[in-house]
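# Chains, contacts and geometry: an overview
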Amino acid sequence: MEVKIVRSQQRAKTVSARAVDGVFVVQAPAHMSDADLQPVVDKLLKRWRSRQAKNSLDDAALDQRARELNRQYFGGKLQWQSVRWVSNQNSRHGSCTPSQGTIRISHRLAAMPAFVRDYVLVHELAHLLEPNHGPRFWRLVNQYPRTERARGYLMAAGLEEVTEE
């Protein structure tokens, strides 16, 4: 995305930005040096891109994929209240609260391969039956044939801990 810097004598300290017709317009104080401004622009652009990515995620499509995986690997017997994308999980890839029937998937997984997203969904769906990471849980998760590959991908990305199965 093109970045346009607009400097103003009226601005004393603050820097703001917004997208206008495909251009990221940054408004900054006239006295601010390019060296001081660049990290601020990078941070604002990263935040804007993250917000755009989050807004484009489709909870209904995620729920539909969970239903397909439920049929395929759990015989369609699982039930839940909601499956949705969230942007507040920065150290985990997903979470499940079995007592409430809620599954949350980190927005960071949206950019990953489908087999990784499917693994995370199967992992969280398995928690509806087994809330811990014991042997029964891993037997459920390992029904998904690409579990090992997906875990390896997440480990390489720094998003999966090495655990005993």
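Shown above is the structure to which this text applies.
Summarised in this report is the structure supplied together with it. (Residues numbered from 1 in each chain as written. Predicted model: local features only at pLDDT ≥ 70, side-chain atom pairs only at ≥ 80, totals over all residues. Heavy atoms only, no water.)

Turning our eyes to something else, we now look at helix α2 (residues 59–74). For α2, which comprises 16 residues, the first-to-last C-alpha distance of 21 Å matches the rise-based estimate of 22 Å (1.5 Å per residue) to within 8%. Among all positions in α2, only L62, D63, A66, L69, N70, Y73 and F74 are buried. Buried residues of α2, seen end-on, are gathered within an arc of 120 degrees and therefore sit on one face of the element. Exposed residues on α2 whose side chains face more than 90 degrees from its buried face are A60, R71 and Q72. (Helix = DSSP H or I, 4+ residues; strand = E, 2+ residues; numbered from the N terminus. Expected span 1.5 Å × (residues − 1). Buried < 20%, exposed > 50% of the residue type's maximum accessible area, 1.4 Å probe, protein only. Arc of directions from axis to C-beta.)

Moving residue by residue along a regular strand, the side chains alternate between the two faces of the sheet. Of the pairings in the sheet, the one linking strand β5 (residues 94–97) to strand β6 (residues 102–106) comprises 4 bridges and is antiparallel in character. In the sheet register, C96 faces β6, and the bridge partner there is I103. Hairpin geometry of β5 and β6 is characterised by an intervening segment of 4 residues between the two adjacent antiparallel strands and by a positive phi of about 70 degrees at G101. (Pairing = 2+ DSSP bridges.)

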